[in-house]
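Notes for the structure review
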Amino acid sequence: MQISRQSRSFYISSIIGCDFFLIFHLATIQGMDTVEGEQSAEPQVERWGFESHFQEYALLLAKKGKDGLESIDNFPQRIELNDEWHRTLEKIRLETEDGLERGTLTGFPGDMRKLTISDKLVVGKKASIKFLDSLENAKQKHGIDKVVGTIHSHPGHWDSPEKRYIEPGRSFSEYRGFTTKDFHTYLKPSYQSLFIDGVVDSQVNYFVFLTKDTKFIPKDSKLYRREIFEDYWLYQQTKSLRTFSLWDVDMAIAKEYKLALYRGNSGEDLIRYFP
């Protein structure tokens, strides 16, 4: 992950107070210069290994919060998930076949040694899940002290006829990905402590990452109301298109609010789609 002189200064200031291992490891994986004015010869990292990059970045977020966020231009082309994550994502996928959403938390136990995805799934309804309303209780159930993100499933939204047709003459070609409701939830200032969000459907894992550049919805904006936000992105931003996919809307929202957007097939790396 090649970083600029400005980004380098940000990281150095961010990790003050962290333990020596984290300081040493971040300096190693991000190619910090050891001599003033000397550029690192290490090529830009195109893939974050789970333990070497992804877990260490999540640890920085757990310790430093939004001050640890990476610039949107520094996210890699690919992100590796380990076996534990793939097993839990598959468990979510399998259990969601009953038509009810599942949800879980990601973060670190008290010893802060391992980025964990809990396999103790919360069961929601057909099109909603409310475990975030009682986050502290959820943290205790999942054994996670420092939460960095959430994951939930979409059990068949893309097959629903009433979701496929917006108005006469216009339709979704595919209703798969994050919903506008998903984006609205974590683009509100009150959710700034959740940095990673994932959605699981029958075939694909979708992930979105807040970035140092992310623009949140101002409280005085009309789009702060969920209904207006959804109407704006589903209608106004696609009104020139007769046929479009939910993923088209996802990409447009990611571009507008400076979110890093990924997706990957079941069991495979996450691939960056924006930027």
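Residues numbered from 1 in each chain as written. Predicted model: local features only at pLDDT ≥ 70, side-chain atom pairs only at ≥ 80, totals over all residues. Heavy atoms only, no water.

1. Thoughts on the overall build of the chain
Helix and strand counts for the chain come out as nine helices and 13 strands. Taking all 275 residues of the chain together, the buried fraction comes to 51%. Taking as baseline every contact in the chain between residues at least 6 positions apart, the subset at least 24 positions apart corresponds to 72%. Put simply, the chain shows about 13,500 Å² of open surface, and 49% of that area lies on carbon and sulfur atoms. (Helix = DSSP H or I, 4+ residues; strand = E, 2+ residues; numbered from the N terminus. Buried < 20%, exposed > 50% of the residue type's maximum accessible area, 1.4 Å probe, protein only. Contact = heavy atoms within 4.5 Å. Areas by Shrake-Rupley, 256 points an atom, 1.4 Å probe, with all protein chains shown as cover.)

2. Some points on helix α8 (residues 226–234)
What α8 keeps buried is the set F229, W233 and L234. Mapping the buried residues of α8 onto a view down its axis gives an arc of 110°, with all of them on the same face. Where α8 is buried, its residues touch β8 (170–174), α7 (180–186), β11 (243–245) and α9 (246–257). (Arc of directions from axis to C-beta.)

3. Digging into the nonpolar core
Formed by 58 residues in total, the largest nonpolar core has its most connected members in F54, W85, F183, F207, F209, F229 and Y257. For this core, the element with the most residues is helix α3 (residues 50–64), which contributes seven residues. Here W85 is in contact with F50, F54, T106, L115, T116, I117, I151 and F207, once residues within four sequence places are set aside. (Core = buried A, V, L, I, M, F, W, Y, C linked by side-chain atoms within 4.5 Å.)

4. Focus: α3
The terminal C-alpha atoms of α3, which comprises 15 residues, lie 20 Å apart, in line with the 21 Å expected from a rise of 1.5 Å per residue. Of all the residues in α3, the buried ones are F50, H53, F54, Q55, E56, Y57, A58, L59, L60, L61 and A62. Looking one or two residues past α3, G65 carries a phi angle of roughly 65°, positive in sign. (Expected span 1.5 Å × (residues − 1).)

5. Description of unusual backbone geometry
With an omega of 5°, the peptide bond running from F274 to P275 counts as cis. Along the chain, P275 falls in the segment after β13 (270–274). Phi at M112 takes a positive value of approximately 60°, unusual for a residue other than glycine. The residue M112 is located in the loop between β3 (102–108) and β4 (116–117) in this model. The backbone of K258 sits at a positive phi, close to 60°, despite the residue not being glycine. For K258, the location among the structural elements is in the loop between α9 and β12 (260–265). Of the residues examined, K258 reaches a relative accessible area of 34% and is grouped as partly exposed.

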